[in-house]
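Structure assessment
For reference, the chains in residue letters:
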Amino acid sequence: MYAVRIINNRAYVVTYERMDPLYVIDLSDTADPLVLGELEIPGVSNYLHPIGDNLLLGIGLDGTDDVNSEWSGWFRGVKVALFDVTDPVNPVELKQYLIGDRGSHSQAQHNHKAVAFLKGNSERPHRLALPVSVSKVTDNGVYVCETHECTTNELGSYGFPEYGDRIHRGLYLFEISEEALHGENLLSWKGSVIDESSDKVYFASQERAVIQSSALHYVCENGLYSTPWAEPDNTNYLEFGSL
């Protein structure tokens, strides 16, 4: 069992062996809980977060999906997925994003405090920020892409996903709109704040972010980045050693 979220009289449970079943369980009768529905998809969600009444956000790892292969279920990059649980009998994955390749990691997989979330209102969508240490399989040392929708299932030369080279560590920004349930802007990546002060370490124990209206603050290993939400490349950096 990788993740559990209880919302009112429903439990959402993620287990994992070779594929990722997301179970929807009715807890109305605590003496006799009932599995209402399940969704089997590649990868696993380590953290679940409710978005309104009908959406569920999952943060975890992507996985290979060839169930007939002995390498099925191998983890790949960090995955951010959005599920529609309006119909508990038939939960649906609406959209997903993959960050990096095998070896990528987010603290959000193990500590919910690493997730920064600002609830939306009539003027803006929900906002999400999470730290990710990115590894990427490179071609002749060239870093091809940073974040993309999951559309491929590339395998390494040995038939399973290769570990990528460590590229960088940073904060990844997303927006979620409940008004476009089947539209392009349902879950959208808005950019990244890359920690230029780090040495591309795989894991940092204390990375935190605060979304303050239109501003974003990112505490990393060696300092603090502050930036407008809409311009994540326009950062101000304060090094802790300079205080």
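Just above sits the structure.
The structure contained in this document is the topic of the report that follows. (Residues numbered from 1 in each chain as written. Predicted model: local features only at pLDDT ≥ 70, side-chain atom pairs only at ≥ 80, totals over all residues. Heavy atoms only, no water.)

Let us look at the overall build of the protein chain. Along the protein chain, the regular secondary structure elements total zero helices and 17 strands. Evaluated residue by residue, the protein chain yields a buried proportion of 48% over its 243 residues. A fraction of 55% describes how many contacts in the protein chain between residues 6 or more apart in sequence connect residues 24 or more apart. About 12,200 Å² of surface is accessible on the protein chain, with carbon and sulfur atoms providing 48% of the total. (Helix = DSSP H or I, 4+ residues; strand = E, 2+ residues; numbered from the N terminus. Buried < 20%, exposed > 50% of the residue type's maximum accessible area, 1.4 Å probe, protein only. Contact = heavy atoms within 4.5 Å. Areas by Shrake-Rupley, 256 points an atom, 1.4 Å probe, with all protein chains shown as cover.)

Positionally, valine 137 belongs in the loop between β10 (126-136) and β11 (147-149). In this structure the C-alpha to C-alpha distance between valine 137 and aspartate 101, which are 36 residues apart in sequence, comes to 6.4 Å. Once you skip the residues sitting within four places of it in the chain, valine 137 turns out to touch Asp101, Glu162, Tyr163 and Gly164.

A few words now on the nonpolar core. Inside soluble globular proteins, nonpolar side chains tend to come together where they are buried. Ranked by size, the top nonpolar core spans 36 residues in total, and within it Leu22, Leu57, Leu82, Leu130 and Phe174 carry the most contacts. Excluding anything up to four places from it in sequence, phenylalanine 174 contacts Val80, Tyr97, Ile99, His126, Arg127, Leu128, Leu130, Leu187, Ser188, Trp189, Lys190 and Trp229. Core analysis: the next-biggest nonpolar cluster, separate from the first, contains 13 residues, Leu118, Leu173, Leu216 and Tyr225 among them. (Core = buried A, V, L, I, M, F, W, Y, C linked by side-chain atoms within 4.5 Å.)

It is possible for side chains of opposite charge to pair when their charged atoms get near one another. A complete count under the given rule lists five salt bridges for this structure. Note that glutamate 207 and arginine 169 form a salt bridge whose closest N and O atoms lie 3.1 Å from each other. Of this pair, glutamate 207 sits in the loop between β13 (187-194) and β14 (208-212) while arginine 169 is found in strand β12 (residues 165-176), placing the two residues 38 residues apart along the sequence. Where salt bridges share partners, they join Arg169, Asp195, Glu207 and Glu221 into one cluster. (Salt bridge = Lys/Arg side-chain N within 4 Å of Asp/Glu carboxyl O.)

Turning our attention to the sheet that holds strand β17 (residues 236-239). In spatial order, the strands read β14-β15-β16-β17; together these four strands make up an open sheet with antiparallel pairing. Strand pairing shows two members of the sheet lacking a second neighbour, β14 and β17, which therefore form its edges. Sheet twist, expressed as the mean angle between neighbouring strand axes with direction ignored, is 15 degrees. Across five bridges, the pairing between strand β15 (residues 215-219) and strand β16 (residues 223-228) is antiparallel. Counterpart to valine 219 in the pairing with β16 is leucine 224. (Pairing = 2+ DSSP bridges. Axes fitted to C-alpha atoms, helices over the stretch in contact; angles between N-to-C directions.)

A few words on the side chain of arginine 127. As for its placement among the helices and strands, arginine 127 is situated in strand β10. Within the local environment of arginine 127, its side chain forms a polar contact with the side chain of glutamate 175, the two groups lying 3.5 Å apart. The contacts of arginine 127, once residues within four sequence positions are left out, are Ala116, Phe117, Leu118, Phe174, Glu175, Ile211, Ser213, Ser214 and Trp229. (Polar contact = N/O pair within 3.5 Å; in protein donor to acceptor, adjacent residues only side chain to side chain.)

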